[in-house]
Amino acid sequence: MQIIPAIDLIDGKCVRLTEGDYTAKTEYKASPLEMAKLYEAHGIQRLHLVDLDGAKKGEIVNWNVAEELATKTSLIIDFGGGIKEKSAVEKLISLGISYITIGSLAAKNPIVFSEWIEEFGPDTFLLGADSRNEKLAVAGWQEATSIDLIPYIKSYATKGVHNVFCTDIAKDGRLEGPSLDLYKQIIQDCPDINLIASGGVSCMEDILQLEDVGCSGVIIGKAIYENRISLKELEQYTLNTQ
């Protein structure tokens, strides 16, 4: 199972929100590049980069950070937040971003996203399927929908999109453990996807439980920043699973 640290961006700085609440923001001193280099130094190969400004605005804001991390590290980066135009996808690919994370657009404009899947290939994308009470939430989690989570994931799996991450928003930033039952159900109902868990991870035991459930990756944010999980522990886990 891949360890995927998260860097969430507001005004070019590393932040963490709680349950997606922009008013409940914690800002961290280390720059995004400093954090990315630190992860790289501990043998971590993946990075989940989120433009929270972009998610709120509906267009990418933190271009400079995406470019800096893509060009100054060897990390496999997925980037999301405010991607609405094909030109943005093309630019991110040209910068060296490995996966384009699509959330709101896939829910709100499935025709356009389906065209992108055809043009760029399904493996270009990481589908963001974030939910409250198993209903999809979009626009940086600011908008609720009536879309059922699992049928939604299934609909894109049939189009070849197999890389999916799912955040249970009620768990995000609370360090209370991940939604194991939800992930079990998703994996059972959508056996062809590579499911990345996100939200609530607070300790190494959570990571081991997610591995047992069958997740292919885990996104970790606050637990790293607040030293609930050490980079040494993650390095050792990564070495043991290679």
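Rules and cut-offs
Residues numbered from 1 in each chain as written. Predicted model: local features only at pLDDT ≥ 70, side-chain atom pairs only at ≥ 80, totals over all residues. Heavy atoms only, no water. Buried < 20%, exposed > 50% of the residue type's maximum accessible area, 1.4 Å probe, protein only. Helix = DSSP H or I, 4+ residues; strand = E, 2+ residues; numbered from the N terminus. Arc of directions from axis to C-beta. Pairing = 2+ DSSP bridges. Contact = heavy atoms within 4.5 Å. Axes fitted to C-alpha atoms, helices over the stretch in contact; angles between N-to-C directions. Salt bridge = Lys/Arg side-chain N within 4 Å of Asp/Glu carboxyl O.

Colleague: Could you give me a rundown of helix H7 (residues 149-157), with the residues and numbers involved?
Modeller: Note on helix geometry: an α-helix contains 3.6 residues per turn, so any two residues three or four positions apart are oriented the same way. Turning to H7, its buried residues number three or more, namely Leu 149, Ile 150, Tyr 152, Ile 153, Tyr 156 and Ala 157. With its buried residues spanning 160 degrees around the axis, H7 presents them on a single face.

Colleague: Describe the sheet that holds strand S10 (residues 143-148), naming the residues involved and giving the relevant values.
Modeller: The strand order across the open sheet formed by 3 strands is S8-S9-S10, and the pairing between neighbours is antiparallel. One side of each edge strand has no neighbouring strand; the edge strands of this open sheet are strand S8 (131-132) and S10. The pairing of strand S9 (residues 135-138) with S10 spans 3 bridges and is antiparallel. Of the residues in S10, the one forming a bridge with Val 138 is Glu 143. Here H7 sits on the sheet and contacts S8, S9 and S10; the angle it forms with S10, its principal contact strand, is near 75 degrees.

Colleague: Lay out the pattern of salt bridges with the relevant residues and their values.
Modeller: Scanning the model with the defined rule gives 8 salt bridges in all. For Lys 57, the salt bridge goes to Glu 59, with nearest N and O atoms at 3.9 Å. With a relative accessible area of 57%, Lys 57 lands in the exposed category. The exposure class of Glu 59 is partly exposed, given its relative accessible area of 43%. A salt bridge links Glu 235 to Lys 232; its shortest N-O distance comes to 4.0 Å. Of the two residues, Glu 235 and Lys 232 are both situated in helix H11 (residues 231-241); the distance of 3 residues between them amounts to about one turn of the helix. Under the relative-accessibility criterion, Glu 235 is labelled partly exposed at 21%.

Colleague: Give a detailed account of the pairing of S9, specifying residues and quantitative values.
Modeller: Taken together, the 2 bridges between S8 and S9 define a ladder with antiparallel strand orientation. Of the residues in S9, the one forming a bridge with Arg 132 is Lys 135. The antiparallel pairing of S8 with S9 creates a hairpin that spans 2 residues between the two strands, and Asn 133 there sits at a positive phi of about 55 degrees.

By themselves, these are just geometric observations and shouldn't be taken as functional.
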